[in-house]
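Residue-level structural notes
One-letter residues, chain by chain:
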Number of protein chains: 4
Amino acid sequence: SSSTKLLIKGGIVVNAHEMEAADVYVEGGIIVSVRPNIKVGDDVTVLDATGKFVMPGGIDPHTHLGMEFMGTETIDDFFSGQAAALAGGTTMHIDFVLPVNGSLLSGLEAYEKKSRESCMDYGFHMAITKWDEHTSKEMDIMVKKKGINSFKFFMAYKGSFMVNDEILLEGFTKCKSLGALAMVHAENGDAVYEGQRRMIELGITGPEGHALSRPPVLEGEATARAIRLAGFVNTPLYVVHVMSIDAMEEISKARKSGQKVIGETVLSGLVLNDSWLWDPDFITAAKYVMSPPIRVAGHDKALQAALSMGVLQLVGTDHCTFNSTQKALGIDDFRKIPNGVNGIEERMHLVWNTMVESGQISVSDYVRARLFNIYPRKGAIRAGSDADIIILNPNSSFEIHAKSHHSRTDTNVYEGWKGKGKVEVTISGGRVVWENDELKVVPSSGKYIEMPPFGYLFNGIDKADAKYLSSMKAPVKRSRATV
Amino acid sequence: SSSTKLLIKGGIVVNAHEMEAADVYVEGGIIVSVRPNIKVGDDVTVLDATGKFVMPGGIDPHTHLGMEFMGTETIDDFFSGQAAALAGGTTMHIDFVLPVNGSLLSGLEAYEKKSRESCMDYGFHMAITKWDEHTSKEMDIMVKKKGINSFKFFMAYKGSFMVNDEILLEGFTKCKSLGALAMVHAENGDAVYEGQRRMIELGITGPEGHALSRPPVLEGEATARAIRLAGFVNTPLYVVHVMSIDAMEEISKARKSGQKVIGETVLSGLVLNDSWLWDPDFITAAKYVMSPPIRVAGHDKALQAALSMGVLQLVGTDHCTFNSTQKALGIDDFRKIPNGVNGIEERMHLVWNTMVESGQISVSDYVRARLFNIYPRKGAIRAGSDADIIILNPNSSFEIHAKSHHSRTDTNVYEGWKGKGKVEVTISGGRVVWENDELKVVPSSGKYIEMPPFGYLFNGIDKADAKYLSSMKAPVKRSRATV
Amino acid sequence: SSSTKLLIKGGIVVNAHEMEAADVYVEGGIIVSVRPNIKVGDDVTVLDATGKFVMPGGIDPHTHLGMEFMGTETIDDFFSGQAAALAGGTTMHIDFVLPVNGSLLSGLEAYEKKSRESCMDYGFHMAITKWDEHTSKEMDIMVKKKGINSFKFFMAYKGSFMVNDEILLEGFTKCKSLGALAMVHAENGDAVYEGQRRMIELGITGPEGHALSRPPVLEGEATARAIRLAGFVNTPLYVVHVMSIDAMEEISKARKSGQKVIGETVLSGLVLNDSWLWDPDFITAAKYVMSPPIRVAGHDKALQAALSMGVLQLVGTDHCTFNSTQKALGIDDFRKIPNGVNGIEERMHLVWNTMVESGQISVSDYVRARLFNIYPRKGAIRAGSDADIIILNPNSSFEIHAKSHHSRTDTNVYEGWKGKGKVEVTISGGRVVWENDELKVVPSSGKYIEMPPFGYLFNGIDKADAKYLSSMKAPVKRSRATV
Amino acid sequence: SSSTKLLIKGGIVVNAHEMEAADVYVEGGIIVSVRPNIKVGDDVTVLDATGKFVMPGGIDPHTHLGMEFMGTETIDDFFSGQAAALAGGTTMHIDFVLPVNGSLLSGLEAYEKKSRESCMDYGFHMAITKWDEHTSKEMDIMVKKKGINSFKFFMAYKGSFMVNDEILLEGFTKCKSLGALAMVHAENGDAVYEGQRRMIELGITGPEGHALSRPPVLEGEATARAIRLAGFVNTPLYVVHVMSIDAMEEISKARKSGQKVIGETVLSGLVLNDSWLWDPDFITAAKYVMSPPIRVAGHDKALQAALSMGVLQLVGTDHCTFNSTQKALGIDDFRKIPNGVNGIEERMHLVWNTMVESGQISVSDYVRARLFNIYPRKGAIRAGSDADIIILNPNSSFEIHAKSHHSRTDTNVYEGWKGKGKVEVTISGGRVVWENDELKVVPSSGKYIEMPPFGYLFNGIDKADAKYLSSMKAPVKRSRATV
Ligand SMILES: [Zn+2]
Ligand SMILES: [Zn+2]
Ligand SMILES: [Zn+2]
Ligand SMILES: [Zn+2]
Ligand SMILES: [Zn+2]
Ligand SMILES: [Zn+2]
Ligand SMILES: [Zn+2]
Ligand SMILES: [Zn+2]
């Protein structure tokens, strides 16, 4: 139970931007003490971390568990997805609630049900897929009563989730007033639709048609548009799954000019390229279908570089798994292949390997957590923080295979990848849930984490607005007599 | 009549990219000969151009004469606007036909009526403001039978002319198939609408509210979007009235990557800044209201620089005049001020003064004409070309005043501007129509100039498309058995 | 003495990226405890921080105290400069040691002497002004024995400090091997020299000639060059005093591509513009002379924006003061005006006012400290850190005047500036040195802070190098017989 | 002889930016008439151009014939190189004179000797490799008496041709005063030297070491530096052999800001990539060694795109051939491989195939000629122009092989390339010199073409300077009493 007492001895404790040799003592699900040479009694389980890194468990800001989509449902529900997460060192995730018949409340209720068996902590973003007075009022409730501080708008999926610029402007304005973060899936949905039509017309019905129908330029366009509209409203913007140089460049440009824009990469975009989509085996190709698509080689490296220096800010997964049978729904038409790849279990390992092990970032830059206003409760190894902790052995190796992974899906887009840096222990809520390659998860042990609005990105926005207003030198006083 | 015989003696003949000392002999409205020391008989009128430049008359690619707009009609009709043009050295203009009840044919008929009294040559662009099968068919007729080779799409004017991305994609695709140039008025209309609402809410109802409601970022956004959609369709794009650095940067970026994008500046954006909009006198401020708005100082200089090195390509005017009484329609609400400024008479002088006299471009770069596929019939001093000619004296001065200009409007946005380089003679269709500061125009002497499709910008597009298709390596051959 | 016991009660403790309500207990010059409701005995001095921020004292990474330069010596020595610093909330600075006759050791000795009376903690950067074997060996000593982890190279000051690209390459390579940070003063010295000559030739001998002779393009050029050479060597680069958009853009570009480049702004560049250099009063104009020059309005705002989103990283002062008599050395020739402005006392106030009070950054982004590898000893309010602390009252006001400042110079480039956010208390080494607008500094109470090499920026460089080498696929094996 | 009379019948005459169906009549080495349906007598040789393009012969702006370099001499002298040129449709080239012992005059004399047997027209650029009063005076002579209007500065080749920034500034200033175009070979020579040292140290002595030792970043750096120094002097700049995206981006940026910068691509950089340098056969690899190096795939396509829209301006070859025996000088050390590739014969074909045939530019954009102030004598099909003409059959094919090419070298970097668009006839000075795949060149029939200074790029520079000076508002008037 969460009354377990744990001592992690002899490791290097890593927090954002810093490292120190220290022991970590945990009791009642909370980190009680972080200092060298902690002495404890016999009732305390001691974990030896000598030569290893002791770090906050990962937070995956972008997942879809138990989601109904494209006529089917992801094969991973909250329980199986979270189990996989824990096996990979991720101890919290934030999932996207989809409204039900346009109602945010109904959507939330559905997700409360879906998440009942949770074996680790989680939070929610909420999608906005239409706009009226009612939507606006439900947003109030979500933020003020339900612990949601971020709303996602889809600029693609024409005919279903897609919203137009008018709704973006309304929604961004509402988000600003609530201190909630506006998020966008940035692709030009009208053009994607046209691109798909064109591919079918050309007889290109296979998975490669997916990538060809929605090239990077359409992601760059929508990213640029969302950024400028958010700038026009003067509210912070979070761009989910930045998959291309085109989108990254827009984020870089905005940040240089002082705009509060956050760019999220996802694991697949960061380390894969699109070559598999041309694989002659349909199932092999289809498992790589997600939106925006994984891009041609070169985008991955550029995203890594941007991530390394803080031009992009974090890494999610967009974990959204469908098994081979589900993927086969699109055997005759790529538009029917359920979109989504796995990653919730692989993220921490592959980011370590790609970014830290390769020398692109330092160990202490591997830990990043501030955006969702739950730091330092989450994302820190310090007295008072939740005891979500991992022990990573930089000298041990990992290897990824569908047959050994913990997701329910039967394939893995990282099949056969190996690397250095292994999560040997995961502690969730003060309890060891992953050790010796074994999972010990407990259904319903996970808590819903409410995330308060007005995080640091909102600091100063009122002052900036006031300053702008006074700079306008308007209205000009004019006598009507002049006419 | 056009059977007049003229000899222009002793001048420096200027064509695009070159200059030479030569005489020019004109007969029957056509340039017959261009060479040194032409001898002629007594029946020929001789114009002395010693120490002066002999150049093709200007072509203004962007005007609105006799246009009904915002509940009123421009004070300059075809005749008065053209008379002003001729007094300023412009001998051809291209006006925008607006559909009538969505019909292009009806629109064209209306403009044929409006242009009946023309005293100089003119052509037409056509606006597309809605989309259906019928529109598409009428576009065929316009191009194949009516001499129109360019179509304009408005991304602003929500609720009236504005079209969405779906229509842009349809329209661009149709333009491509016809070899017609797609043009855009690039501002994000949804955001402009929101910006206007915001200003009114803040009590800012005067002309300064016009500029504040539609900042450069909204022009940059729409320009970026139009460029990317045109790139997605792979058809050339012409961006009308580039008013801001934001838009110019997008054009520059696209051209660097090999995309066929043309950027048109207009005189007001090139030489003015927005300070007048804050003038305490309403009429003074209101006369500067146009869309996109004239920008804060700095944009003008940057546009000049981009124009000087070919990053932007040409200069129009968007001549669209309303007198003080008309402008006063918006005395209580800037949204009701008819949009538009003068310029058709001033363009040649002010571009000379700003670009050539200041040293930013050479004399031989002052002449530019290729885009609308009427070169060398228009835009050249060479045997066989139409005799639309000006004599410009680089050592003479010009001065601009509403009281002496030839437009019918009672104000002038360039009031009091002076400079060097004066158009002393204008010849239109072989007839001297402007000399000794006197106009001698003849109603109905102007011809409608048909402009053929598939100009040089379309050269190679089919090959590029074919190359792209073959590079896709799709469809991949797959056995269904694999599933 | 440093055995003083202090309790700071009721404030908001601010660390990098986070804030919390907590008390701070200090003893023996060290922060002992940071938590709510600390109870203490009567021997403890209690400072009430209710409604105020308790933050780490500032670190000024760029100062010149007691420096001999241009035939004179800065009017502020270590003691007077540090006193001013403490009055403004800065509790540590890093000064630049200049070699003596090319010897780093002799230079260091001289600066050890200069800094003997220090009343606050300090560290050293070392300048490299020539190159030979001996220099290289002395660099070893500086890093391994003397606590120096950064070396500065001047790309300007032709004929004195300036080094060429060959030395930059040698020096950067040496820095890399030592884990020391390479720094550059980035201006093209050859062109500056030519620019100065040109101004004198034009009869422009006053302070405005200083700015005109070394425009932003020369700073952009040198910044670009240094960045690329550092990239070629693959070692981190720190660009001191980024004064222009031109330089900032280069840094932004490099970071986007993953290069480890740090951009330091200085207070004057961040908040001033060059207009004062045209002041008809020589002394007024001359006090703004520094290199690179303060730029035309617009650069300041752009640097602020870049700083706000992390494109630039920190703010120094380049505090380097000369009084009016010294500035008058250049009365007939701007090249002889000693270069430098004040700022060590004003930095914390003006950065707060310009960045936090204006809404550009959050309070928790005001605290930044990681670069020089002395964190968390310096730059943090946490148990174990040095007790260098300030109490800032966000509702109190400050005002700057030469007659009341604590520097020895008789002018102030921020004369008359006012703003919100006042440092009411400064604690240095556990002792209150500034309270109730009164200084209580103690000569020789400051310590020299050794800064270890191989800070976080060096993390992974060896791995990146190894990866690059293996990617080269060279040498290719070739049989000589093929020739 | 040049008194031959020729009629080219039935072709499409192409000039810069325009095309027309017309016949071309040539007599006395001059084009006499260009118009449809020219009738001639029996003494005229008639060439049928039906279905073919009649265009000005190509001008190769960058060649090295008979050059002594790296201890050997190019295998092509003026005669053999020009013969090859004519076989490929190039009818004029501009070669680089190297000073002899620092003397421009001696250098010119040497090149006058080398070029004595010329079989086609040619001009000279002059290299500047050191700087003193004498150099400056010789530049006067070159421009005023010798018909040279361009000077090249090497930023690489440390220890031989390389000049530093001080000389660049002196040289650019001198060029400006003479109306001569400054040219640069842009690579950072210090860094190249260091890169070479590093490769040798790593045991990489083969041709791949050439590319690895001088990466694109060094070309980008030098290009940026030269551009900014030229901007500082305010004189036009011509960047020879732009080989990388890095350099192209700098040129694009400068042009966008209105700076007069010209970017020359060369054939090898435009169509090849560096993969051959890794070939296990030394001679195969060595033939691709040139400086700046041919880059990794991707740069080629980007340069093509930039060329297509006028961001880059023209295509030379840097034809500089060494045979296998000569290349073998570097068998043990890539630094000793004579730098240079062929191209003078292949340029027109490969540019046609890559740019026109692929759809990237239109036929009328294939003809470009204005830069060297010899237009329209050269580069135009019009009455009065020199009769340097080619007939290109767009439906015929070409194929490139060392065994059939006309250069004296025994290898060809384009070995095996095929494509559409063949130069079937070349006319040089009014004489058919290439027809039916047969060369009929006449030694000493080529003329030296003097190129006058103050081409169009210099237009307005004086005015821009004057405007800048007056904008400085300096010197400020100050009373000395104020001090
Ligand atoms: Zn998405
Ligand atoms: Zn998603
Ligand atoms: Zn418009
Ligand atoms: Zn218009
Ligand atoms: Zn400095
Ligand atoms: Zn300094
Ligand atoms: Zn070269
Ligand atoms: Zn060369």
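Scroll up a little and you will see the structure.
Presented here is an overview of the structure given in this document. This is a predicted model, so every value here is computed, not measured. (Residues numbered from 1 in each chain as written. Chains lettered and ligands numbered in written order. Predicted model: local features only at pLDDT ≥ 70, side-chain atom pairs only at ≥ 80, totals over all residues. Heavy atoms only, no water.)

In terms of helices and strands, chain A carries 14 helices and 21 strands. By the compact-globule yardstick of 23 Å for 483 residues, chain A fits well, its C-alpha radius of gyration being 23 Å. Taken along its principal axes, the extent of the C-alpha atoms in chain A is 90 × 60 × 45 Å. Here the analysis covers contacts within chain A between residues at least 6 apart in sequence; of these, 77% occur between residues at least 24 apart. Working note: accessible area of chain A is about 16,000 Å², and carbon and sulfur atoms make up 52% of it. Taking the average location of the 52 positive side-chain charges in chain A and that of its 58 negative ones, the two points are 8 Å from each other. (Helix = DSSP H or I, 4+ residues; strand = E, 2+ residues; numbered from the N terminus. Rg over C-alpha atoms; globule rule 2.2 N^0.38 Å. Contact = heavy atoms within 4.5 Å. Areas by Shrake-Rupley, 256 points an atom, 1.4 Å probe, with all protein chains shown as cover. Lys, Arg positive; Asp, Glu negative; His and termini not counted. Charge placed at Lys NZ, Arg CZ, Asp CG, Glu CD.)

Moving on to the coordination of the zinc ion (ligand 5). Residue and element names in this part refer to chain C. Surrounding the zinc ion (ligand 5) are the protein donor atoms His185 (ND1) and His241 (NE2), at 2.1 to 2.2 Å. Distance-wise, the zinc ion (ligand 6) is placed 3.6 Å from the zinc ion (ligand 5). Remark: His241 occurs in the loop between β15 (237-239) and α8 (245-256) and His185 occurs in strand β14 (residues 181-185); sequence separation between them is 56 residues. Note on His185: relative accessible area 1%, which makes it buried. You can call His241 buried: its relative accessible area is 2%. (Donors = N, O, S within 2.8 Å, 3.2 Å for Na, K, Ca; no water. Buried < 20%, exposed > 50% of the residue type's maximum accessible area, 1.4 Å probe, protein only.)

In summary, the two copies of the chain are related to each other by a rotation about an axis coupled with a shift along it. Of the transformation placing chain D onto chain B, the axial shift is 0.0 Å and the rotation is 180°, giving an RMSD of 0.0 Å. Both copies are brought into coincidence by an operation consistent with a two-fold rotation axis. A shared interface surface links the copies, since 100% of the contact residues of chain D are contact residues in chain B too. (Least-squares fit on C-alpha atoms with pLDDT ≥ 70 in both.)

Turning our eyes to something else, we now look at the coordination of the zinc ion (ligand 3). Angles between donor atoms at a metal ideally measure 109.5 degrees for a four-coordinate tetrahedral arrangement and either 90 or 180 degrees for a six-coordinate octahedral one. For the zinc ion (ligand 3), the protein coordination sphere consists of His185 of chain B (ND1) and His241 of chain B (NE2), at 2.1 Å. In this structure, the zinc ion (ligand 3) lies 3.7 Å away from the zinc ion (ligand 4).

Time to look at the pattern of salt bridges. What the rule picks out here adds up to 131 salt bridges over all chains. A salt bridge links Lys9 of chain C to Asp23 of chain C; the nearest nitrogen and oxygen atoms lie 2.9 Å apart. Taken together, the residues Lys9 of chain C in strand β1 (residues 5-9) and Asp23 of chain C in strand β4 (residues 23-27) connect sequence positions 14 residues apart. For Asp386 of chain C, the salt bridge goes to Arg377 of chain C, with nearest N and O atoms at 3.0 Å. Among the charged side chains, a network of salt bridges with common partners joins Asp121, Arg377, Lys378, Asp386, Asp388 and Lys447 of chain A. (Salt bridge = Lys/Arg side-chain N within 4 Å of Asp/Glu carboxyl O.)

On to the interface of chain D and chain B, then. On the chain B side, the residues contacting the 36 residues of chain D number 36 residues. Taken together, both faces of the contact between chain D and chain B bury some 2,900 Å²; the carbon and sulfur share is 48%. At the junction of chain D and chain B, the tally comes to six salt bridges. A salt bridge links Glu357 of chain B to Lys463 of chain D, with the shortest nitrogen-to-oxygen separation between them at 3.7 Å. Put simply, chain D and chain B have eight residue pairs in polar contact (both at pLDDT 80 or more) between them. (Buried area = accessible area lost by both parts, 1.4 Å probe. Polar contact = N/O pair within 3.5 Å; in protein donor to acceptor, adjacent residues only side chain to side chain.)

Residue and element names in this part refer to chain C. A sheet is described by the order of its strands in space; here eight strands give the open sequence β8-β11-β12-β13-β14-β15-β16-β17, paired in parallel fashion. On the outer flanks of this sheet lie β8 (58-63) and β17 (314-316), each paired with one strand and no other. Averaged over neighbouring strand pairs, the angle between their axes works out to 30° when direction is ignored. Bridge count between strand β13 (residues 150-154) and β14: five bridges; the pairing is parallel. The residue of β14 that forms the bridge with Phe153 is Val184. Contacting β13, β14 and β15, helix α4 (residues 165-178) crosses the sheet at an angle of about 175° to β13. (Pairing = 2+ DSSP bridges. Axes fitted to C-alpha atoms, helices over the stretch in contact; angles between N-to-C directions.)

Our next topic: the sheet that holds strand β2 (residues 12-15) of chain D. Residues and elements named next belong to chain D. Ordered by their spatial adjacency, seven strands build an open sheet running β3-β2-β7-β18-β19-β20-β21, and the pairing between neighbours is mixed. In this open sheet, the two edge strands, each paired with only one partner strand, are β3 (18-21) and β21 (438-439). Here two bridges tie β2 to strand β7 (residues 53-56), and the two strands are oriented parallel to one another. Looking across to β7, one finds that Ile12 is bridged to Phe53. The strands touched by helix α13 (residues 347-356) within the sheet are β7, β18 (389-399) and β19 (418-428), with β19 carrying the most contacts at an inclination of about 135°.

Attention now moves to the relation of the copies chain B and chain A. Superposing chain B onto chain A takes a rotation of 180° plus a shift of 0.0 Å along the axis, which leaves an RMSD of 0.0 Å. A share of 100% of the interface residues of chain B reappears at the interface of chain A, consistent with the copies meeting face to face through the same patch.

This part takes up the packing of helix α8 (residues 245-256) of chain D against helix α11 (residues 299-308) of chain D. Residue and element names in this part refer to chain D. Remark: α8 packs on α11, axes separated minimally by 9 Å, with the N-to-C direction vectors making an angle of 25°. It follows that α8 is roughly parallel to α11 by the angle criterion. Seen along the crossing, α8 lies across α11 with a hand that is left-handed. Residues Ile245, Asp246 and Met248 of α8 pack against His299, Ala302, Leu303 and Ala306 of α11. Classifying every residue of the contact of α8 with α11 gives five nonpolar, one polar and one charged. (Parallel < 35°, antiparallel > 145°, perpendicular 65-115°, else oblique. Left-handed = near helix turned anticlockwise from the far one by under 90°. Nonpolar A, V, L, I, M, F, W, Y, C, P; charged D, E, K, R; others polar.)

Residue and element names in this part refer to chain A. The first and last C-alpha atoms of helix α8 (residues 245-256) sit 16 Å apart over twelve residues, in line with the 16 Å expected at 1.5 Å per residue. Of the residues making up α8, those classed as buried are Ala247, Met248, Glu250, Ile251, Ser252, Ala254, Arg255 and Lys256. Among the residues trailing α8, Gly258 stands out with phi positive, at a value near 95°. (Expected span 1.5 Å × (residues − 1).)

This part covers the packing of aromatic side chains. A full pass over the atoms with the stated rule returns 76 aromatic pairs over all chains. Geometrically, the ring pair formed by Phe69 of chain A and Phe161 of chain A is stacked, given 6.1 Å between the ring centres and 10° between the ring planes. Note that Phe69 of chain A is positioned in strand β9 (residues 68-69) and Phe161 of chain A in the loop between β13 (150-154) and α4 (165-178), a separation of 92 residues in sequence. On the basis of relative accessible area, Phe69 of chain A is assigned to the buried category, the value being 10%. Taken together through their ring pairs, the aromatic side chains of Phe78, Tyr111, Tyr122, Phe124 and Tyr448 of chain A make up a single cluster. One Lys or Arg, Lys114 of chain A, reaches over the ring of Tyr111 of chain A and ends 5.1 Å from the middle of that ring. The ring of Phe96 of chain C has Lys152 of chain C sitting right over it, with the charged end atom 4.2 Å from the ring centre. (Phe/Tyr/Trp six-rings, centres within 6.5 Å; stacked < 30°, edge-to-face > 60°. Lys NZ or Arg CZ within 6 Å of the ring centre and 35° of its normal.)

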